Amino acid sequence: MVTEMSPTPLQSAVTDPISGAFDWFLVEVWGRLLAELSGALGVGMLEYPFMQRAYLAAICIGIIGPLVGAFLVHREISMIADTLAHTAFAGVAVGLFLNSVLELGLSPIGTAFVVAVATALLVELLVQHGDVTTDTSLAMVLTGGFALGSVLISATEGGIAVGINAYLFGSLATVSKANVGLLVVMTLLVSVVVAISYRPLLYVTFDPTAARVAGISVAWFNRLMTVLTALVVVSAMQIMGVILVAALLVIPVATVDGARSFRRSLLAGVVAAEIGAVLGISIAYQYRLAAGGTIVLTAIGLYLVVRVGGRFVPRRLAAGGTTPAGDRTPQPKADGGDED
Amino acid sequence: MSGAESGPEPVVEVADVDFGFGERPVLADVSLTVDPGAFLGLVGPNGSGKTTLVELLLGLRRPDTGTVTLFGEPAHEFDDGERVGYVAQHATAAAGRMPVTVREAVAMGRYPHRLVGRFSAADRRAIDDALDRVDVADLADRRVGNLSGGQRQRVFIARALAAEADLLVLDEPTVGVDAESRERFYDLLHELNDEGLTIVLIEHDIGVVTTHASEIACLNRELYFHGDPETFVETNALADAYGTNQAPVHHGH
């Protein structure tokens, strides 16, 4: 799937130590940890390196999905995640097409990043200045991206259609070390960026006009939000699949909508996504099901349990007064009241 | 009522402003000065350009001709965000859907002061004081969406107080708020104005404005009147601005 490029000596000098360190982490730290866990729990699947990689990938997606998704959902533009995923598919096709026609050694994931980020900026432009409604323009970009991808693939000779399936539906068994490495790097990057820009992102989402009056550049932070979405979607797409990848940006956030504070909703969203992803992968392995689909269905199941089940619990609590009835989510009390 | 030439620097100065959306003129030849400590009530029929005028003076839009200055700077270039608090029309309805606590919403007032990094003791004190001042400290951990309309409006005022803003601009803040809470809300604005906060209030209820505001501007594309409430009641400005057959005081929405 990932066509390995022949790196330049300069690149190697930089990437080799990093990739070496990551190898060490994957085998010596993560691998051992899961092997121990496997022994303790009597769960055999944790011993296989490909499942260890899959779990690490799922945990990463479970962190960055809701972290970025929370802002999208509350800005009421969650369709952007799906739109960018479908144009990222076009990006993959562009890479494969150029490789086949011009014999370039492009990484399809690399071209997917470029195309998705460019589309993110275009979509933001359409949302802000377009004559058509957001809904319509997103639908056009989404289908247009997918159409471009399918046309390019049909125009490319040879066997690239084989690899395409893995991009469309995702695949756990084939999660490569490079995929997981990319996800770990993206998780660090996205988490740091969200942590630094948490306040402006929150203000812009909550009350964009007041944020603008307060001197915050709403346009730039909205752009940042969609570019982060593109990064998350592309790095998760090989595991979740283009068609399903947006789910972990949206469903966990919807699941914890009963949270009281925004900070708690972020934490609870990550917890919900982790439950869906880890449980989903385990079920998928156990019953030999498609991983992406199983994760999404598990996340939706959790949503139903929390939202429908939660409907009966808080009523009774709420009758008792202002106890934490708004929180119908299984979330840790990690924030210790350190709010902002 | 343009301020005396040697007086303090006006908070807002609108001079000979024209503005239109495409071909449709919205404001024509509007000039208006808001001095520090004023409580300006902006009235006029629906579609008279009140919200647009406010957006111009906040720098959210630029006039086609004429100038708008905010604290002595061109309004659209003004970047001292913490000096101005704005409660947009229906802002509170949209904000109600998000999982955000009262305290989180009020803390946003400190964001222009500290966009990154931990809040200082002074930041936290400003937030606590603001919560106390508008009497929502006991609601600090509640979700904004679970509050009544009146409580929610006070939260947005608290956000401006936490910012230590010098100018507070409100666009029809009490739509959908019950009569008793409205009375309390306007009493609060009155007190804050007495303490030195400059206020610009868009309001369709003329009675409220004549009771609480220190000056009134009556707008319908052009400025029909700008002066004190007593004079306003005596003139025909209201009838002129609204046209002959409308009696806005009884025109309950």
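Colleague: Explain the overall build of chain B to me, please; I cannot follow it from the model alone.
Modeller: A count of helices and strands for chain B gives nine helices and 10 strands. Residues classed as buried in chain B amount to 52% of the 253 residues present. A separation threshold of at least 6 residues defines the contact pool for chain B, and within that pool the share at least 24 residues apart is 66%. In the structure as shown, chain B presents an accessible area of about 11000 Å², 44% of it carried by carbon and sulfur atoms.

Colleague: In this structure, what is going on with the interface of chain B and chain A? I would like to understand it.
Modeller: By a widely used convention, the size of an interface equals the accessible area lost when the partners come together. With 33 residues of chain B at the interface, the matching set in chain A holds 30 residues. Summing both sides of the interface, chain B and chain A together bury roughly 2900 Å²; the carbon and sulfur share of this comes to 62%. Area buried by chain B at its contact with chain A is led by B:Met98, B:Pro99 and B:Tyr111, which between them contribute 21% of it. Our count for the chain B to chain A interface comes out at two salt bridges. Here B:Arg97 makes a salt bridge to A:Glu76, at a shortest N to O gap of 3.1 Å. Along the contact surface separating chain B from chain A lie 13 residue pairs in polar contact (both at pLDDT 80 or more). Elements that contribute at least two residues to the side of chain B that touches chain A include exactly β6 (84-87), α2 (91-95), α3 (102-107) and α5 (149-162) of chain B. Examining the composition of the side of chain B that touches chain A, we find that four residues originate from one element, α3(B), more than from any other. For the side of chain B that touches chain A, the per-class residue count stands at 19 nonpolar, four polar and 10 charged.

Colleague: Help me out: how do you make sense of helix α12 (residues 262-287) of chain A in this one?
Modeller: Residues spaced three or four apart along an α-helix point in a common direction, a consequence of the helix completing one turn every 3.6 residues. Across its 26 residues, α12(A) extends 37 Å between first and last C-alpha, which sits within 8% of the 38 Å expected from 1.5 Å per residue. Looking at the residues trailing α12(A), positive phi occurs at A:Arg288, about 55 degrees.

Colleague: Would you mind going over the sheet that holds strand β4 (residues 65-70) of chain B with me for this structure?
Modeller: Each strand in a sheet pairs with its neighbour through backbone hydrogen bonds, running either in the same direction (parallel) or in the opposite one (antiparallel). Residues and elements named next belong to chain B. Pairing is antiparallel across the open sheet formed by four strands, whose spatial order is β2-β1-β4-β5. Only two strands of the sheet have a single partner each, and these edge strands are β2 (24-34) and β5 (73-74). The pairing of β4 with β5 spans two bridges and is classified as antiparallel. Across the sheet, Thr69 pairs through a bridge with Pro74, a residue of β5.

Colleague: Got a minute to help me understand empty space enclosed by the protein in this structure?
Modeller: To find the voids left in a structure, one rolls a probe of water-molecule size over its atoms. Using the criterion set out here, one finds two cavities of 30 Å³ or more in the structure. In this structure, the largest cavity is lined by 17 residues; those nearest its centre are A:Tyr203, B:Val84, B:Gly85, B:Tyr86 and B:Arg159. Those elements that place two or more of their residues in the lining of the largest cavity are α9 (208-213) of chain A together with β6 and α5 of chain B. Of all the elements, β6(B) adds the most residues to the lining of the largest cavity, at four residues. Across the lining of the largest cavity, the residue classes break down as 12 nonpolar, three polar and two charged.

Colleague: Help me understand the side chain of A:Thr255, please; the structure alone is not making it clear to me.
Modeller: In this structure, A:Thr255 sits in helix α11 (residues 247-255). In this structure the side chain of A:Thr255 is engaged in a polar contact, spanning 2.7 Å, whose partner is the backbone oxygen of A:Ile251.

Colleague: Whenever I open this one, the packing of helix α3 (residues 79-102) of chain A against helix α4 (residues 108-129) of chain A confuses me. Can you help?
Modeller: In a packed pair of helices, the relevant descriptors are the angle between the two axes and the axis-to-axis distance. All names here are of chain A. α4 packs onto α3 with a crossing angle of 140 degrees between their chain directions and a minimal axis gap of 7 Å. Considered as vectors, α3 and α4 are oriented oblique to each other. Between α3 and α4 the crossing geometry is right-handed. For the pair formed by α3 and α4, the contact residues are Ile80, Thr83, Leu84, Thr87, Ala88, Gly91, Val92, Gly95 and Leu96 on the first element and Pro108, Thr111, Ala112, Val115, Ala116, Thr119, Ala120 and Val123 on the second. Residue composition of the contact of α3 with α4, grouped by class: 11 nonpolar, six polar and no charged.

Colleague: How should I be thinking about the packing of aromatic side chains in this particular structure?
Modeller: The description of an aromatic ring pair uses the distance of the two centres, along with the angle that the planes make with each other. All names here are of chain A. All chains considered together, the criterion is met by 14 aromatic pairs over all chains. Pairing Phe71 with Phe262 gives two aromatic rings, centres 5.3 Å apart and planes at 50 degrees, and the pair type is tilted. In this pair, Phe71 sits in helix α2 (residues 49-74) while Phe262 sits in helix α12, placing the two residues 191 residues apart along the sequence. Residue classification places Phe262 among the buried positions, given a relative accessible area of 0%.

Colleague: What exactly am I supposed to notice about a nonpolar patch on the surface here?
Modeller: A cluster of nonpolar side chains, contributed by A:Leu297, A:Ile300, A:Leu304 and A:Val308, occupies part of the molecular surface with about 360 Å² of accessible area. Mapped onto the secondary structure, A:Ile300 falls in helix α13 (residues 291-310).

Colleague: Which parts of the structure should I look at to understand α2(A)?
Modeller: Residue and element names in this part refer to chain A. The terminal C-alpha atoms of α2, which comprises 26 residues, lie 38 Å apart, in line with the 38 Å expected from a rise of 1.5 Å per residue. The principal kink in α2, of about 25 degrees, is found at Val68. Most of α2 sits inside the fold, with 21 of its 26 residues counted as buried. Where α2 terminates, the next one or two residues include Glu76, which has phi positive at roughly 60 degrees.

Colleague: Would you take a moment to explain the packing of α3(A) against helix α5 (residues 134-155) of chain A for this structure?
Modeller: Residue and element names in this part refer to chain A. Axis separation between α3 and α5 bottoms out at 8 Å; the angle between their running directions is 20 degrees. Comparing the axis directions of α3 and α5 gives the class roughly parallel. When the axes of α3 and α5 are compared, the crossing they make is left-handed. On α5, the residues that touch Met79, Ile80, Asp82, Thr83, His86, Thr87, Phe89, Ala90, Ala93, Val94 and Phe97 of α3 are Leu138, Val141, Leu142, Gly145, Phe146, Leu148, Gly149, Ser150, Leu152, Ile153 and Ala155. Its residues assigned to classes, the contact of α3 with α5 shows 15 nonpolar, six polar and one charged.

Colleague: Just to check I follow, could you spell out the sheet that holds strand β8 (residues 198-202) of chain B for this structure?
Modeller: All names here are of chain B. What the six strands build is an open sheet, ordered β6-β7-β8-β3-β9-β10; its pairing is mixed. Two strands lie at the open edges of the sheet, namely β6 and β10 (222-227), each paired on one side alone. For this sheet, the mean angle separating the axes of adjacent strands, direction not counted, is 15 degrees. Of the pairings in the sheet, the one linking strand β3 (residues 39-43) to strand β9 (residues 215-220) comprises four bridges and is parallel in character. Note on β9: the bridge partner recorded for Gly41 is Ile216. Across the sheet, α5 is in contact with β6 and β7 (167-171); its angle to β6 comes to roughly 165 degrees.

Colleague: Looking at this structure, how should I read a negative patch on the surface?
Modeller: On the surface, B:Glu9, B:Glu13, B:Glu73, B:Glu77 and B:Asp79 cluster together into a negatively charged patch. As for its placement among the helices and strands, B:Asp79 is situated in the loop between β5 and β6.

Colleague: I'm lost on the confidence of the model for chain A in this one. Help?
Modeller: Caution is warranted with low-pLDDT regions, since their predicted coordinates should not be read in detail. Per-residue confidence for chain A gives a mean pLDDT of 83, with 84% of residues at or over 70. With pLDDT under 50 throughout, residues 1-5 of chain A is counted as low confidence; its partners more than four residues away or in other chains account for 14 contacts.

What counts and what doesn't
- Residues numbered from 1 in each chain as written.
- Chains lettered and ligands numbered in written order.
- Predicted model: local features only at pLDDT ≥ 70, side-chain atom pairs only at ≥ 80, totals over all residues.
- Heavy atoms only, no water.
- Helix = DSSP H or I, 4+ residues; strand = E, 2+ residues; numbered from the N terminus.
- Buried < 20%, exposed > 50% of the residue type's maximum accessible area, 1.4 Å probe, protein only.
- Contact = heavy atoms within 4.5 Å.
- Areas by Shrake-Rupley, 256 points an atom, 1.4 Å probe, with all protein chains shown as cover.
- Buried area = accessible area lost by both parts, 1.4 Å probe.
- Salt bridge = Lys/Arg side-chain N within 4 Å of Asp/Glu carboxyl O.
- Polar contact = N/O pair within 3.5 Å; in protein donor to acceptor, adjacent residues only side chain to side chain.
- Nonpolar A, V, L, I, M, F, W, Y, C, P; charged D, E, K, R; others polar.
- Expected span 1.5 Å × (residues − 1).
- Pairing = 2+ DSSP bridges.
- 1 Å grid on protein atoms, 1.4 Å probe; cavity = no way out; pocket = protein on both sides within 12 Å on 5 of 7 lines; lining within 4 Å.
- Points joined across faces, edges and corners; volume = space filled by probe spheres on them.
- Axes fitted to C-alpha atoms, helices over the stretch in contact; angles between N-to-C directions.
- Parallel < 35°, antiparallel > 145°, perpendicular 65-115°, else oblique.
- Left-handed = near helix turned anticlockwise from the far one by under 90°.
- Phe/Tyr/Trp six-rings, centres within 6.5 Å; stacked < 30°, edge-to-face > 60°.
- Patch = residues over 30% accessible without salt bridge, like charges linked within 9 Å, V, L, I, M, F, W, Y side chains within 5 Å.
- Bend = angle between axes of the 7 residues up to and from the residue.
- Lys, Arg positive; Asp, Glu negative; His and termini not counted.
- Charge placed at Lys NZ, Arg CZ, Asp CG, Glu CD.
- pLDDT = per-residue confidence, 0-100.

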